[in-house]
Amino acid sequence: MSGDGAGLLTAPTEYRRINRQIIGEAPGPTLILVGGIHGNEPSGVIAARRVLDRLTAEEIPVRGEIVAINGNLKALNGKQRYLDRDLNRQWSERRVESVMAGNVAGGLDAEDHELKEIWEQIRAAVDRARGEIYFIDMHTSSADGAPFLTVGDTLRNRAFAMEVGLPLILGLEEQVDGALLEFMNNRGYVTLGIEAGQHDCPKSIDHHEAVLWRALGTSGAIERSRTPEPERWIDVLKKASASTPKVIEVRRRHAITSEDDFRMRPGYRNFQPVAKKEHLGDDRRGQVRAVESGMILLPLYQGQGNDGFFLCREFSRLWLVVSTYLRRLKLEGLMHWLPGVSQHPEFERTLVVNTRVARFYPLEVFHLFGYRKRRKKGDLLVVSRRRYDRPVSA
Ligand SMILES: [Zn+2]
């Protein structure tokens, strides 16, 4: 059970940058685990501790390296999401480059210092790598509900996440800018995000722990047969997600700023069905209603944050299989032959869609090929696809 976990969520703990680290004698994958990039989410920090301490105590051999890095130290120590700005919205190439160079107007703020240290540790781990690099980012949410995995929609991320055994959410990372998971994904690593449940619920730690054990075996960081209590982790994840569809895609994000004064109506849980036009919350302009039917995800019940809620729908297993084959055939190279679609003049893997013309076929066709990131400019829709959308060559 999670006796220590419940205590640690409330007890004062001094967090250090490197939570735990094991470097194995034999070469193998590098697993970089990040917990607490949001300071009010210590669950992942505690779970990583449990797993790495158990590996050490039971002398389970590790191949490659497992390094658990703590995210926003000052916010973790202060038990708040962030100090000056959300640390999980700062990871753009430009921002990271200028922070690392100390070239930020007005000087570095609290989260810039955190970013700098985290990035130094990640880079060092990447330099030490003797195999494939896996990046795992651990979160919890203010709303109650079943745990799930978020992955950038590439074939190898999907394959890794499906092995772990929790519902898979496609397209969540693409909806927000500057998430660390996306930043790492764009560097070609296999990435996995975990939303383990409610912030202060001891079960969230169990969910994080179970996913980590599954990930260790799947990546080859430990021999699968050396996983302690293997049935237990499968069972924890199965029970937690019994009533949730297996694959879900995010369709809408209700973005907010602090000026909006957004208040979510009480009682919503992750994956709760909502009807079109359902009254979900209020802001200074009046009622906020669902623009389409589906399921609600990550409704905001805390003061800080820029995501009011997300709307999503089940993604059928059939589409998943179809899209895998289409991508393997690399048919996305033919997408610009569709009416109203052209290759972006500057950017690779990016298409410009004239929605006046393209309205004659469903825009979901772009999702099939992994074009999820969307920006709209008048009648033009710019969609882009992930780099490294290929299976890992084993
Ligand atoms: Zn978070």
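Residues numbered from 1 in each chain as written. Predicted model: local features only at pLDDT ≥ 70, side-chain atom pairs only at ≥ 80, totals over all residues. Heavy atoms only, no water.

## A short note on the pairing of strand S14 (residues 307-314)
Of all eight residues in S14, six are buried; the element is thus mostly enclosed. Both strand S8 (residues 247-255) and S14 contribute to a ladder of seven bridges, which runs antiparallel. Bridged to histidine 254 within S14 is phenylalanine 309. As judged from the three bridges shared by strand S13 (residues 294-297) and S14, these two strands associate in the antiparallel manner. Considered in S14, the bridge of leucine 297 is made with phenylalanine 310. (Buried < 20%, exposed > 50% of the residue type's maximum accessible area, 1.4 Å probe, protein only. Helix = DSSP H or I, 4+ residues; strand = E, 2+ residues; numbered from the N terminus. Pairing = 2+ DSSP bridges.)

## Examining the pattern of salt bridges
Side chains that carry opposite charge are capable of pairing whenever their charged atoms lie near each other. Scanning all chains against the criterion turns up 29 salt bridges. Across the salt bridge formed by arginine 263 and aspartate 261, the nearest N and O atoms sit 3.2 Å from each other. Since its relative accessible area comes to 41%, aspartate 261 is described here as partly exposed. (Salt bridge = Lys/Arg side-chain N within 4 Å of Asp/Glu carboxyl O.)

## A short note on the nonpolar core
Judged by nonpolar contacts, the single largest core of 42 residues is most densely connected at Leu33, Leu55, Ile66, Leu149, Leu192 and Leu216. For this core, the element with the most residues is helix H8 (residues 202-219), which contributes seven residues. In terms of nonpolar packing, the next biggest core, distinct from the first, is built from 22 residues, Val34, Ile69, Val99 and Val104 among them. (Core = buried A, V, L, I, M, F, W, Y, C linked by side-chain atoms within 4.5 Å.)

## What about the domain arrangement of the protein?
Looking at the assigned domains, one finds that the protein contains domain 1 (5-241), domain 2 (251-314) and domain 3 (326-384). Put simply, the middle of domain 1 and the middle of domain 2, counted by C-alpha atoms, are 26 Å apart. At the interface, 19 residues of domain 1 touch 17 residues of domain 2. A salt bridge links aspartate 307 to arginine 89, with the nearest nitrogen and oxygen atoms 2.6 Å apart. Remark: the boundary between domain 1 and domain 2 carries four residue pairs in polar contact (both at pLDDT 80 or more). Looking at the side of domain 1 that touches domain 2, its residues break down into eight nonpolar, seven polar and four charged. (Domains from an automatic or database assignment. Contact = heavy atoms within 4.5 Å. Polar contact = N/O pair within 3.5 Å; in protein donor to acceptor, adjacent residues only side chain to side chain. Nonpolar A, V, L, I, M, F, W, Y, C, P; charged D, E, K, R; others polar.)

## Brief notes about unusual backbone geometry
Even without being a glycine, glutamate 59 presents a positive backbone phi close to 50°. With respect to the helices and strands, the residue glutamate 59 is situated in the loop between helix H2 (43-57) and strand S3 (65-70). Looking at glutamate 59, the relative accessible area reads 66%, which means it is exposed. Here lysine 79, not a glycine, exhibits a phi torsion of approximately 55°, which is positive. Within the secondary structure layout, lysine 79 lies in the loop between helix H3 (73-78) and helix H4 (93-100).

## Focus: the packing of H4 against helix H5 (residues 110-128)
Between two packed helices, both the angle of their axes relative to each other and the distance between the axes serve to describe the pair. Taken N-terminus to C-terminus, the directions of H4 and H5 make an angle of 95°; their axes are 10 Å apart at the nearest point. By the angle class used here, H4 and H5 are roughly perpendicular. In this structure, H4 contributes Arg95, Val96, Val99 and Met100 to the contact, and H5 contributes Asp112, Leu115, Lys116, Trp119, Glu120 and Arg123. Taken together, the residues of the contact of H4 with H5 break down into five nonpolar, no polar and five charged. (Axes fitted to C-alpha atoms, helices over the stretch in contact; angles between N-to-C directions. Parallel < 35°, antiparallel > 145°, perpendicular 65-115°, else oblique.)

## Things to note about the packing of aromatic side chains
Enumeration over the complete set of coordinates arrives at seven aromatic pairs. Between phenylalanine 148 and phenylalanine 271 the ring centres are 5.4 Å apart and the planes differ by 80°, which places this aromatic pair in the edge-to-face class. Within this pair, whereas phenylalanine 148 is found in strand S5 (residues 148-151), its partner phenylalanine 271 is found in the loop between strand S9 (263-264) and strand S10 (273-274), the two being separated by 123 residues in sequence. Aromatic ring contacts, followed pair by pair, group Trp91, Trp119 and Phe183 into a single cluster. One Lys or Arg, arginine 187, reaches over the ring of phenylalanine 183 and ends 4.5 Å from the middle of that ring. (Phe/Tyr/Trp six-rings, centres within 6.5 Å; stacked < 30°, edge-to-face > 60°. Lys NZ or Arg CZ within 6 Å of the ring centre and 35° of its normal.)

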